[in-house]
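Structural description and commentary
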Amino acid sequence: QARKIFQRRLSARYRVTHGHIADYRGFVSPQTDIIVTDSLSAPPLFQADDGTVYVPFESVFALGEVKSTFYAGKQPLEKVISTIHDIRTGLFRPATKRNPLFYFVLFVDSGDVQMERVADLYNSTPIEDLPNIACWLDLGTVLYTKLSKNGLGESMPVNYLLSPSLDRSPGEENAWALMRWG
């Protein structure tokens with residue numbers, strides 16, 4: 001269902017599918033729930049009988065995981081981080097500032113999430129291996145932000161960086177921030 005929702009929100013230029021990404025050397029990624037690709041310039045390489053699609057890495061814009069409920073014991077963020085790391089280090093794609101990969105994870109229900117543990121995980125993981133956005137629909141969204149001081153000298157988020165590993169400027173104060181709903 002999530003793929004259908006994403007597809008309805010995007011123009012015909014983009015295709016939303018699930019499956020694996022393959023690079024020109026034949027390396028294949030772990031399975032991914034949502035893959036957003038360029039539908040005009042690069043058709044899928046192969047589609048299995050179960051609907052799983054293998055897409056060329058060069059056509060991929062975004063990758064996402066969708067989970068109904070966050071259960072800490074199942075280590076959902078750790079698995080997403082591992083997948084991002086495997087794709088980043090295992091598959092080859094020339095990195096460009098114009099078209100960096102966008103990674104996201106979406107949880108419908110926050111379940112037993114403890115944001116202190118999420119913060120510890122984010123602080124101990126290389127920024128390149130973290131999802132650009134982690135969202136809990138009943139709680140809030142974790143985004144990377146540029147910080148600035150308000151009139152009281154407190155750090156406040158002023159700009160969200162959707163490509164944290166590329167958009168940072170030297171000397172800027174940046175941090176991951178939880179934007180709570182409501």
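Each remark here, short or long, concerns the structure printed above.
Here's a quick rundown of the structure. Within every chain, residues take consecutive numbers counted from 1 along the sequence as written. Reporting of local features is limited, given that this is a predicted model, to residues whose pLDDT is at least 70; pairs of side-chain atoms are given and counted only at 80 or more, and all residues count toward the totals for whole chains, interfaces and linings. Hydrogens and water molecules were not included; the side-chain quantities draw on all heavy atoms of the structure.

**What to know about empty space enclosed by the protein**
Condition: Throughout, the protein atoms alone are placed on a 1 Å grid, and a set of points is a cavity if a 1.4 Å probe fits but cannot get out or a pocket if it is open with protein on both sides within 12 Å along at least five of seven lines; lining residues have an atom within 4 Å of a point. Grid points are joined across faces, edges and corners, and a volume is the space filled by probe spheres set on the points. Secondary structure elements follow DSSP: runs of H or I of four or more residues count as helices, runs of E of two or more count as strands, with numbering from the N terminus. Only Asp, Glu, Lys and Arg are considered charged, only Ala, Val, Leu, Ile, Met, Phe, Trp, Tyr, Cys and Pro nonpolar, and every remaining residue, Gly among them, polar.
With the rule as written, the count across this model stands at 1 cavity of 30 Å³ or more. In this model, the largest cavity occupies a volume close to 70 Å³. Counting residues per element, the lining of the largest cavity draws most heavily on helix H2 (residues 76-90), which supplies 4 residues. Considering only residue class, the lining of the largest cavity consists of 6 nonpolar, 3 polar and 1 charged.

**Quick word on the side chain of Asn132**
We apply this condition: Relative accessibility decides the category of a residue: with a 1.4 Å probe and only protein chains considered, values under 20% of the type maximum give buried, values over 50% give exposed, and everything between is partly exposed. For the purposes of these results, a polar contact is taken to be a pair of N or O atoms within 3.5 Å, where, inside protein, one atom must be able to donate a hydrogen and its partner to accept one; residues adjacent in sequence count only when each atom of the pair is a side-chain atom. Contact definition: two residues touch when any of their heavy atoms are within 4.5 Å.
Within the secondary structure, Asn132 sits in the loop between helix H3 (115-123) and strand E7 (133-136). Since its relative accessible area comes to 5%, Asn132 is described here as buried. Within the structure, Asn132 has its side chain in polar contact with the backbone nitrogen of Tyr103 (distance 2.7 Å). Sequence-distant contacts of Asn132, that is, excluding residues within four places in its chain, are made with Leu101, Phe102, Tyr103, Val142, Leu143, Leu162, Ser163, Pro164 and Trp176.

**Quick word on H2**
Just so we agree on the cut-off: The length a helix should cover is 1.5 Å for every residue beyond the first. Directions pointing from the helix axis toward each C-beta atom define the arc.
The end-to-end C-alpha distance of H2 is 21 Å, a good match for the 21 Å that 15 residues give at a rise of 1.5 Å each. For H2, the complete set of buried residues consists of Pro76, Leu77, Val80, Ile81, Thr83, Ile84 and Ile87. For H2, the arc enclosing every buried residue in end-on projection is 160°, short of the 170-degree limit, so these residues lie on one face. Looking at the buried side of H2, the elements it contacts are strand E1 (14-22), strand E2 (32-38), strand E5 (60-69), strand E6 (102-109), H3 and E7.

Just distances and angles here, no functional claims.
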